[in-house]
Amino acid sequence: MVRRRALSGVALLALAMAVVACDRGAGERTSVPVWTLRETVRIGGGDEGPTSFSWIKGLAEDANGQLYVYEQSTQDIRVFDANGQHVRTLGRRGSGPGELRNAEGIVFASDGALWVRDAANGRFSRFDRSGTPLDAWSMTWCSSQGTWAPLVRDGRLVDSDCVPLSSDDDVELILSYRTDRSGVDTLGQRASCGTRAQFEATTWIIPIDGGTRYRPIPWAPRPAAAFDGTGATWCAPTTATYTVLRVGRDGDTVRISRELAPIPVSTSERDSVIAVVKAGAPSGVDYSRIPTTKPLIARLTVDDQDRLWVRRDVAADTIMFDLYRADGTTEATVSLTGVRTPVWSPFLVRGDVVLLVLLGEDDVPQVGRFVLQRGN
């Protein structure tokens, strides 16, 4: 393990590539505990009603084991008991107290309230566990987050947001929202991860009437990043290789690097993706830009203990998560088999509980609750 001063996005990429070069032949690790995820509850699959989902953008669990599911298409939050039975529904579309317009996610803070980030209404909305709206905290955010998943720490929510520097440039900060609503603290600047050239190389940029459409190229390697509760940034400068850097607030950098064999994109997978893109995109898309192999890293996620989960998609229904401590040492590898879960969907780890979105028949989303099973 080596420590270096923090660098820019371009320099981080160069450093990561140099690390890969000197670590070649490292191979698979030995004596790493292998844990599994055991499913305890599944919710969804209904033709209509509260168990019919189309776009799940938020998941949470309260202290009593009740599950909260935010459905974007209806702008409501559906509550289920520990057995998956519907209890109540919170919120509705609108701008009044307890109403949502473009909520991006939900989380239970340490104050016991359910927090909702509502971008279109420009506020955090809070609910108690009975579903009663408590209050709202007005905010002005730099940009939409897509799917909001802050880290919960004692008395605060750790999140990121950009601050404009000019008309074409901004800086990303890691922020700490005090849950008593007394203020917002800046933990530091989020380390740059990736370059604009990488974004353009992994995106179809499609001219359309009146504008431009941007669509990620399936399996194209791109940067992946996450931050932890201390304000440090985890960065994989390119998911084409297995190298991850943790850049701390003091500038120190921890490196993790492994040599793994690439996994090919099957003909059926490629044909299936092309069919989906053709159904929703204008003509002129260059499908030759779809890679023949998958990224070695699919996603980075930080859990409530500031451990890093590195997702690797090793087969159509098999996912491996490499679990690392903040100092870069390996705690375990976690195996999830027999299910499909989108890379971009909510993935929440609280203690030994993992909440995620599953794809059922015809790719209809469902909610899965899993618990960690520790083994040797």
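Data block above holds the structure.
First, a word on what this report is: a plain description of the structure on this page. (Residues numbered from 1 in each chain as written. Predicted model: local features only at pLDDT ≥ 70, side-chain atom pairs only at ≥ 80, totals over all residues. Heavy atoms only, no water.)

Moving on: the sheet that holds strand E21 (residues 308-315). In space, the 8 strands of this open sheet follow the order E20-E21-E22-E23-E1-E26-E25-E24, with mixed pairing throughout. Every interior strand has two partners, whereas the edge strands, strand E20 (299-302) and strand E24 (347-350), have only one. This sheet shows a mean twist of 30° between the axes of neighbouring strands, independent of strand direction. In the sheet, E24 pairs with strand E25 (residues 353-359) via 4 bridges, with the strands oriented antiparallel. Bridge pairing in E25 links Leu348 to Leu355. (Pairing = 2+ DSSP bridges. Helix = DSSP H or I, 4+ residues; strand = E, 2+ residues; numbered from the N terminus. Axes fitted to C-alpha atoms, helices over the stretch in contact; angles between N-to-C directions.)

This paragraph deals with the side chain of Arg190. Of note, Arg190 is situated in the loop between strand E13 (184-189) and helix H2 (196-201). Here Arg190 occupies a buried position and makes no salt bridge, while the nearest side chain of opposite charge, Glu172, is found at 4.3 Å. Among the polar contacts listed, one links the side chain of Arg190 to the side chain of Ser160, at a separation of 3.2 Å. Discounting residues that sit within four places of it in the chain, Arg190 has contacts with Ser160, Glu172, Leu173, Ile174, Ala225, Ala226, Phe227 and Thr233. (Buried < 20%, exposed > 50% of the residue type's maximum accessible area, 1.4 Å probe, protein only. Lys, Arg positive; Asp, Glu negative; His and termini not counted. Salt bridge = Lys/Arg side-chain N within 4 Å of Asp/Glu carboxyl O. Polar contact = N/O pair within 3.5 Å; in protein donor to acceptor, adjacent residues only side chain to side chain. Contact = heavy atoms within 4.5 Å.)

Moving on, we come to the sheet that holds strand E2 (residues 56-61). Pairing is antiparallel in the open sheet, where 4 strands are placed in the order E2-E3-E4-E5. Since the sheet does not close on itself, it has two edges, and those belong to E2 and strand E5 (86-90), each with one partner. Across the sheet, the mean angle from the axis of one strand to that of its neighbour is 20°, orientation sign disregarded. Judged from the 4 bridges that link them, strand E4 (residues 76-80) and E5 form a sheet pairing that is antiparallel. Across the sheet, the residue bridging to Ile77 is Leu90, located in E5.

Membership of the largest hydrophobic core comes to 20 residues, with the highest contact counts inside it found for Trp234, Tyr242, Val244, Ile297, Leu300, Leu308 and Val310. Of all the secondary structure elements, the ones that give two or more residues to this core are strand E16 (224-227), strand E17 (233-236), strand E18 (242-247), E20 and E21. Ignoring sequence-local partners within four residues, the contact set of Ile297 consists of Ala236, Thr239, Thr241, Tyr242, Thr243, Val244, Val310 and Arg311. Leu37, Phe321, Leu323 and Phe347 belong to the second-largest nonpolar core, a separate cluster that totals 17 residues. (Core = buried A, V, L, I, M, F, W, Y, C linked by side-chain atoms within 4.5 Å.)

What follows deals with the pattern of salt bridges. Across all of its chains, the model carries 22 salt bridges by this definition. With a shortest N-O distance of 3.1 Å, Asp76 and Arg78 are connected by a salt bridge. Residues participating in the shared-partner salt-bridge network are Asp111, Arg126, Asp135 and Arg181.

What follows deals with the state of the cysteines. A full pass over the atoms with the stated rule returns 2 disulfides. Residue Cys142 pairs covalently with Cys162 via a disulfide, S to S 2.0 Å. Handedness here is read from the sign of the S-S torsion; for Cys142 and Cys162, about -95°, the answer is left-handed. With Cys142 in the loop between strand E9 (133-138) and strand E10 (151-153) and Cys162 in strand E11 (residues 156-166), the pair connects residues that are 20 residues apart, well separated along the chain. The class of Cys142 is partly exposed, set by a relative accessible area of 31%. When the cysteines engaged in disulfides are numbered in sequence order, the protein pairs them as 1-2, 3-4. (Disulfide = S-S within 2.5 Å.)

Quick look at the side chain of Gln72 now. For Gln72, the position within the fold is in the loop between strand E3 (67-71) and E4. Note on Gln72: relative accessible area 15%, which makes it buried. Not counting the four nearest positions on each side in its chain, Gln72 is found in contact with Trp55, Lys57, Arg93 and Asn102.

Let us now look at unusual backbone geometry. For Trp219, which is not glycine, the phi dihedral falls at a positive 65°. Here Trp219 shows up in the loop between strand E15 (211-216) and E16. Backbone geometry places Asp306, a non-glycine residue, at a positive phi of 60°. Position of Asp306 among the secondary structure elements: in the loop between E20 and E21. The exposure class assigned to Asp306 is buried, which follows from its relative accessible area of 15%.

In the case of a regular strand, side chains alternate between the two sheet surfaces. Pairing geometry for E16 and E17, over 4 bridges, is antiparallel. Within E17, the position partnered with Phe227 by the bridge is Thr233. Counting the residues between successive antiparallel strands, the hairpin from E16 to E17 contains 5 residues, one of them, Gly231, with a positive phi of roughly 100°.

Enumeration according to the criterion identifies 14 aromatic pairs in this entry. When the centroid spacing of 4.9 Å and the interplanar angle of 80° are considered together, the rings of Tyr68 and Phe108 count as edge-to-face. Taken together, the residues span a long stretch of sequence, with Tyr68 in strand E3 and Phe108 in strand E6 (residues 103-108) at a distance of 40 residues. Take Tyr68 and Phe108: they sit in the same class, and that class is buried. Aromatic side chains Phe124 and Trp141 sit 5.1 Å apart centroid to centroid with 80° between the ring planes, which places their arrangement in the edge-to-face category. In this pair, Phe124 is assigned in strand E8 (residues 123-127) and Trp141 in the loop between E9 and E10, connecting sequence segments 17 residues apart. Accessibility assignment for this pair places Phe124 and Trp141 in one class, buried. (Phe/Tyr/Trp six-rings, centres within 6.5 Å; stacked < 30°, edge-to-face > 60°.)

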